[in-house]
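Next come the chains, spelled out residue by residue.
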Amino acid sequence: AAYEPVDEPDDAKTWRSRWLSRLDVRLRAEIDASLRSGMTSVVYASPRKARVRVIARQSNLTIKPPELSIDDALAVVKGPFSIWLEDNESDREFLLRLVGHSLRQRLLLLESQASPAVRFEHGGGNVINRQLENLTPLRALRSWAMVDSDREEPSADLPQKVKDIIASSNKNGFRLHVLKR
């Protein structure tokens, strides 16, 4: 899937510069290059838009794009958007640092409402695929997941765990972003 590099937010650049300035020059250059690469590239990204057709009869979620009844379409729109992460603390902070200031503020606002419109979900590193496989079809339509590639080195094949998550994404329809390491 095509992927466009993400511009790094200014506050992340400042934070990274302060942190790197404390390190040895050679180590600083190596870490800086790795961080830049990791923030601007992915191994796999789902298509950008989830497509559905709204119809005036019973839903058919087995076809692509899925067809939703009006009631099911309303349920999808009214439900919270789930952001599935392997680690809900460190990965959430990484994601919030990666996005620009205005999107970060919006996500935090949507998450903090009495009935949150956005939820950061803890998938658990070793069990995230099971959680994603068990999403109902309607919940999968309003879910997005971000996982590490877990490669030992950049040229290595993806581990089976990550291949299984990609297969689940293709089968169940949730959006997926696999970070490059």
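Computed from a predicted model, the values in this text were never measured in an experiment.

Chemist: A description of the overall build of the protein chain should follow, citing residues and the corresponding values.
Modeler: A tally of regular secondary structure across the protein chain gives eight helices and seven strands. Within the span of the protein chain, comprising 181 residues, buried residues form 39% of the whole. In the protein chain, the share of contacts with a sequence separation of at least 24, taken over all contacts with a separation of at least 6, comes to 66%. On the protein chain, roughly 11200 Å² of surface is accessible, and the fraction owed to carbon and sulfur atoms is 51%.

Chemist: Can you explain helix H4 (residues 90-98)? Please cite residues and give values.
Modeler: Along H4, the residues classified as buried are Asp-91, Arg-92, Leu-95, Leu-96 and Leu-98. Here the buried residues of H4 occupy an arc of 160° about the axis, which is enough to place them on one side.

Chemist: Describe the pairing of strand E7 (residues 175-179), with residues and values.
Modeler: Summarising burial for E7: five of the five residues are buried, a large majority. The two faces of E7 match: Arg-175, His-177 and Leu-179 on one face and Leu-176 and Val-178 on the other face are all buried. With five bridges joining them, strand E6 (residues 143-148) and E7 adopt parallel strand pairing. Considered in E7, the bridge of Val-147 is made with Val-178.

Chemist: If you had to explain the side chain of Ser-143 to someone new, which residues and values would you point to?
Modeler: When you line up the elements, Ser-143 lands in strand E6. Discounting residues that sit within four places of it in the chain, Ser-143 has contacts with Phe-81, Ser-82, Trp-84, Leu-135, Phe-174 and Arg-175.

Chemist: Quick rundown of the confidence of the model for the protein chain? Include the residues and the values.
Modeler: Within the protein chain, residue pLDDT values average 81, and 76% of them lie at 70 or more. Every residue in residues 1-8 is under pLDDT 50, and counting partners more than four places away or in other chains gives 16 contacts.

Chemist: If you had to explain the nonpolar core to someone new, which residues and values would you point to?
Modeler: Leu-132, Phe-174 and Leu-176 are the most contacted members of the largest nonpolar core, which totals 14 residues. At three residues, the largest contribution of residues to this core is made by helix H8 (residues 160-172). When residues no more than four places from it in sequence are discounted, the contact partners of Leu-132 are Trp-84, Ala-145, Ile-165, Asn-172 and Phe-174. If you look at the next biggest cluster of nonpolar residues, it comprises twelve residues, including Ile-83, Leu-96, Val-118 and Met-146.

Chemist: Give me the pattern of salt bridges: which residues, what numbers.
Modeler: All told, the structure shown has eight salt bridges when counted by the stated rule. Arg-53 is the salt-bridge partner of Glu-67, the closest N and O atoms lying 3.4 Å from each other. Residue Glu-67 is found in strand E3 (residues 67-69), and its partner Arg-53 is found in strand E2 (residues 53-55); the two are separated by 14 residues along the sequence. With a closest N to O distance of 3.0 Å, Glu-86 and Lys-161 form a salt bridge. You can see Glu-86 sitting in the loop between strand E4 (81-85) and H4 and its partner Lys-161 sitting in helix H8, a full 75 residues away along the chain. Its relative accessible area of 7% is what places Glu-86 among the buried residues.

Chemist: I'd like a rundown of the environment of Ser-82, residues and numbers included.
Modeler: Considering the arrangement of structural elements, one finds Ser-82 in strand E4. When its relative accessible area of 1% is taken as the criterion, Ser-82 is described as buried. Here the alpha-carbon distance between Ser-82 and Phe-174, two residues 92 residues apart in the chain, equals 9.8 Å. In this structure Ser-82 touches Arg-119, Glu-121, Arg-139, Arg-142, Ser-143 and Trp-144, once residues within four positions along its chain are discounted.

Chemist: Quick rundown of H8? Include the residues and the values.
Modeler: Its 13 residues give H8 an end-to-end C-alpha distance of 18 Å, which sits within 8% of 18 Å, the value for a rise of 1.5 Å per residue. By the burial criterion, the buried members of H8 are Val-162, Ile-165, Ile-166, Ser-168 and Ser-169. Each buried residue of H8 lies within a common arc of 155° when the element is viewed along its axis, so the set occupies one face. Count one or two residues on from H8 and you reach Gly-173, which has phi positive near 90°.

Chemist: How would you sum up the packing of aromatic side chains? Please name residues and give values.
Modeler: Tallied over the entire structure, the rule returns zero aromatic pairs. One cation-aromatic arrangement involves Arg-92 over Phe-120; the distance from NZ or CZ to the ring centre is 5.0 Å.

Here is what the cut-offs are and how they apply
Per chain, the residues get numbers from 1 upward, laid out in the order the sequence is written. Local features are withheld for residues below a pLDDT of 70 in this predicted model, meaning they are given only at 70 or higher, and side-chain atom pairs are given and counted only at 80 or more; totals for whole chains, interfaces and linings count all residues. In computing side-chain values, all of the structure's heavy atoms are included and hydrogens and water are not. Numbering goes from the N terminus for both helices and strands, where a helix is a DSSP run of H or I of at least four residues and a strand is a run of E of at least two. Think of it in three bands: residues with accessible area under 20% of the maximum for their type are buried, residues over 50% are exposed, and the middle band is partly exposed, with areas taken using a 1.4 Å probe on protein chains only. The contact criterion used throughout is that any non-hydrogen atoms of two residues lie within 4.5 Å. For every accessible area listed, the method is Shrake-Rupley and the probe measures 1.4 Å; residues are considered covered only by the protein chains on display. This arc corresponds to the set of directions leading from the helix axis out to the C-beta atoms. Pairing between two strands requires that DSSP report at least two bridges joining them. Summary of the metric used: pLDDT quantifies the predictor's per-residue confidence within the range 0 to 100. To define a nonpolar core, start from buried Ala, Val, Leu, Ile, Met, Phe, Trp, Tyr and Cys residues and group those joined through side-chain atoms within 4.5 Å. Definition used for salt bridges: Asp or Glu carboxyl oxygen within 4 Å of a side-chain nitrogen of Lys or Arg. The length a helix should cover is 1.5 Å for every residue beyond the first. Note on aromatic pairs: the rings of Phe, Tyr and Trp (six-membered ring only in Trp) are paired at centre separations within 6.5 Å, and the planes decide the class, stacked below 30 degrees, edge-to-face beyond 60, tilted for the rest. Two conditions define a charge sitting above a ring: the NZ of Lys or the CZ of Arg must be within 6 Å of the ring centre, and it must be within 35 degrees of the ring normal.

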